[in-house]
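If you want the building blocks of each chain, they are given just below.
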Protein chains: 2
Amino acid sequence: MKALDPAWRARFDPSQWFLEPCEEVGALFGLECVEMLLDERTPWQHLQILETRHFGRVMVLDGFLMLTQRDHFIYHEMLVHPALCSQRAPRRVLIIGGGDCGCLREVLRHDLVEHVVQVELDERVTRAAERFFPELCEANDDPRAELVFADGIGFVAAAAAGAFEVIIIDSTDPIGQAARLFDRAFYRQCRRVLGDTGVLAVQSESPMIHLEVLAGIRGELAAAGFPHVATLQFPQPTYPSGWWSATLAGGSAVAAVPGHAAGPLETRYYSRQVHQAALALPRFVSEALENSAGSG
Amino acid sequence: MKALDPAWRARFDPSQWFLEPCEEVGALFGLECVEMLLDERTPWQHLQILETRHFGRVMVLDGFLMLTQRDHFIYHEMLVHPALCSQRAPRRVLIIGGGDCGCLREVLRHDLVEHVVQVELDERVTRAAERFFPELCEANDDPRAELVFADGIGFVAAAAAGAFEVIIIDSTDPIGQAARLFDRAFYRQCRRVLGDTGVLAVQSESPMIHLEVLAGIRGELAAAGFPHVATLQFPQPTYPSGWWSATLAGGSAVAAVPGHAAGPLETRYYSRQVHQAALALPRFVSEALENSAGSG
């Protein structure tokens with residue numbers, strides 16, 4: 001269809017590319033690959049690790065790109081730091097999913113944190129991360145870290161009220177197994193475990209192409225008893241549309257200027273100014289979210 | 001390389017997709033196409049208009065996607081409104097390039113504007129926009145608008161000192177013909193034409209994958225005598241990395257809180273808050289820009 005650069009088109013060998021279609025919007029994203037490092041059927045999903053030409057190693061689950069070594073820092077920092085920095089004393093943190101351990105590492109940058117539990121369903125994801133993404137797992141031996149391989153929903157249901165100040169939901173897209181991590185029944189359990197002052201952070205898809213999913217997540221959070229909900233947006237070049245979001249929810253205000261310790265954190269994307277700026281949603285996004293809130 | 005979803009892979013017919021490789025980072029972006037509407041060799045470039053399945057019509061120049069009907073508003077609003085809103089009285093505006101007329105339309109939303117000149121090298125681009133993107137050209141008949149088809153560099157060189165309050169450079173990437181729009185000789189002429197209080201806005205590529213290009217643009221602007229330079233970033237889902245930037249430059253401060261008229265503007269992305277937020281650069285971007293400023 002694109003007539004130009006026939007030389008490139010002739011050279012193009014789809015078998016040498018990781019290709020991820022986003023069928024609902026007729027878009028395609030690809031990364032040139034050098035080598036397949038791991039190709040494993042775990043009890044839960046299809047796990048692949050590829051070496052790309054310019055984005056380092058990438059992790060793929062069921063055909064969807066989860067992270068690249070080049071740009072994952074944006075996602076991990078923006079899912080973790082706004083939540084922790086909005087808390088006065090984030091001592092006990094729970095991560096649901098996040099088997100690549102990237103969120104865990106960011107959480108452990110906070111000196112105030114005393115205990116982090118990461119509850120990942122698929123142990124093979126973490127084992128692959130330890131082997132192929134050692135930088136993400138560099139904090140796994142921190143005595144404050146506890147790795148649990150179990151169903152996050154069961155874990156939260158069994159946790160005591162007020163057991164955590166922060167819960168981070170680092171899940172795959174809301175389809176299949178992960179869909180249950182996006183509904184009000186689960187969020188209601190999170191609300192109970194966080195008490196009135198804790199904060200929940202959930203990856204909430206693309207503000208561009210999943211706006212109705214984002215609105216749905218916010219609606220479920222409100223229905224679960226979180227009176228305060230705030231969405232932050234940030235670029236994520238290797239996710240569909242290159243643009244992603246995280247949503248915070250709490251019994252108390254969550255969209256305040258960041259609190260205790262944004263300054264000394266070692267980050268590449270996050271800063272106090274970036275946190276504040278990420279809360280300023282484009283007009284078409286905030287209008288869509290207001291409208292859906294009004295109707296729900 | 002990606003073993004999963006063999007069904008999709010078997011279905012995938014590259015000839016039905018617009019595919020744009022970004023060879024320097026080994027990435028690929030694609031949009032599923034329905035029909036080629038125009039395929040023309042103009043005196044200056046290869047111009048194609050395609051109907052896509054979910055992004056509306058798209059314009060492609062020399063194989064690079066210039067705009068889609070679905071997401072161009074972000075780019076056009078963020079290249080135009082921060083510059084005009086930073087001016088107390090943006091009466092006379094010059095657009096260099098911008099043949100699709102998307103910037104022109106945004107400029108004409110400002111009631112204070114009395115005269116806009118759009119200087120596009122390739123008249124065929126504007127004729128194609130009139131035919132296939134009528135919504136972008138809806139303001140072309142505004143009596144304040146003047147369309148000139150000529151070389152922007154010659155136009156600026158011939159313009160009087162202080163002739164414009166705002167210059168917007170809506171160019172293609174800094175290669176080929178367009179490279180001359182990114183150097184200090186041209187910027188120096190812009191500086192003269194803007195006087196001490198005018199503002200220049202230039203599209204300045206991706207903060208992620210063209211960070212050295214962005215740093216170079218800022219360096220050339222400084223070398224051309226603009227003491228104040230500020231970069232804004234925003235998502236642009238169909239450009240490489242899905243993340244883009246615009247850089248403002250002026251003899252006076254350009255990064256202040258927006259001025260006269262951000263409120264009543266009819267926009268989908270831009271707002272006063274979004275303007276302010278777009279100036280908050282992620283840590284790795286601001287550090288890279290500071291370092292290059294220090295060394296140049």
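This text follows the structure it describes.
Residues numbered from 1 in each chain as written. Chains lettered and ligands numbered in written order. Predicted model: local features only at pLDDT ≥ 70, side-chain atom pairs only at ≥ 80, totals over all residues.

Draft legend 1. The sheet that holds strand S9 (residues 166–170) of chain A, seen in detail. Residue and element names in this part refer to chain A. Taken together, the seven strands give an open sheet; going across it, the order is S8-S7-S6-S9-S10-S12-S11, and neighbouring strands pair in mixed fashion. The open sheet has two edge strands with one neighbour each: strand S8 (145–149) and strand S11 (228–235). Across the sheet, the mean angle from the axis of one strand to that of its neighbour is 15°, orientation sign disregarded. In terms of strand pairing, strand S6 (residues 92–97) meets S9 through five bridges, oriented parallel. (Pairing = 2+ DSSP bridges. Helix = DSSP H or I, 4+ residues; strand = E, 2+ residues; numbered from the N terminus. Axes fitted to C-alpha atoms, helices over the stretch in contact; angles between N-to-C directions.)

Draft legend 2. Looking closely at the sheet that holds strand S9 (residues 166–170) of chain B. All names here are of chain B. Ordered in space as S8-S7-S6-S9-S10-S12-S11, the seven strands form an open sheet in which the pairing is mixed. On the outer flanks of this sheet lie strand S8 (145–149) and strand S11 (228–235), each paired with one strand and no other. Mean inter-strand twist for the sheet, computed between neighbouring axes without regard to direction, equals 15°.

Draft legend 3. Here's a closer look at the interface of chain A and chain B. Counting residues at the interface gives 54 residues for chain A and 54 residues for chain B. Contributing elements (two or more residues each) for the side of chain A that touches chain B: strand S1 (17–22), strand S2 (27–41), strand S3 (46–52), helix H8 (272–278) and helix H9 (283–295) of chain A. Broken down by element, the side of chain A that touches chain B gets its largest block of residues, nine residues, from S2 of chain A. The residue inventory of the side of chain A that touches chain B, partitioned by class, reads 30 nonpolar, 15 polar and nine charged. (Contact = placed C-beta atoms within 7 Å. Nonpolar A, V, L, I, M, F, W, Y, C, P; charged D, E, K, R; others polar.)

Draft legend 4. Just the environment of Gly 154 of chain A, in detail. Structurally, Gly 154 of chain A can be placed in helix H5 (residues 152–158). Taking the C-alpha atoms as reference points, Gly 154 of chain A and Asp 62 of chain A, separated by 92 residues in sequence, lie 23 Å from one another.

Draft legend 5. Main features of the pairing of strand S5 (residues 64–68) of chain A. All names here are of chain A. A large share of S5 lies buried, amounting to four of its five residues. Summarising the sheet, strand S4 (residues 57–61) and S5 pair through four bridges and their orientation is antiparallel. From the neighbouring strand, Val 58 faces S5, where its bridge partner is Thr 68. Adjacent in sequence and paired antiparallel, S4 and S5 are bridged by two residues, among which Asp 62 carries a positive phi angle near 50°. (Buried ≥ 20, exposed ≤ 12 C-beta atoms within 10 Å, placed from the backbone.)

Draft legend 6. Quick peek at the pairing of strand S10 (residues 199–203) of chain B. All names here are of chain B. With respect to burial, S10 is a largely interior element, five of its five residues being buried. Both faces of S10 are covered, namely the face carrying Val 199, Ala 201 and Gln 203 and the face carrying Leu 200 and Val 202. Bridge count between S9 and S10: four bridges; the pairing is parallel. Paired with Val 166 across the two strands is Val 199, which belongs to S10. Running through helix H6 (residues 184–194), the crossover from S9 to the neighbouring parallel element S10 is right-handed. Relative to strand S12 (residues 243–250), S10 runs antiparallel, the two being bridged by five bridges. From the neighbouring strand, Leu 200 faces S12, where its bridge partner is Ala 249. (Right-handed = clockwise from strand over helix to strand, strands pointing away.)

Remember that the coordinates give geometry; whether it matters functionally is a separate question.
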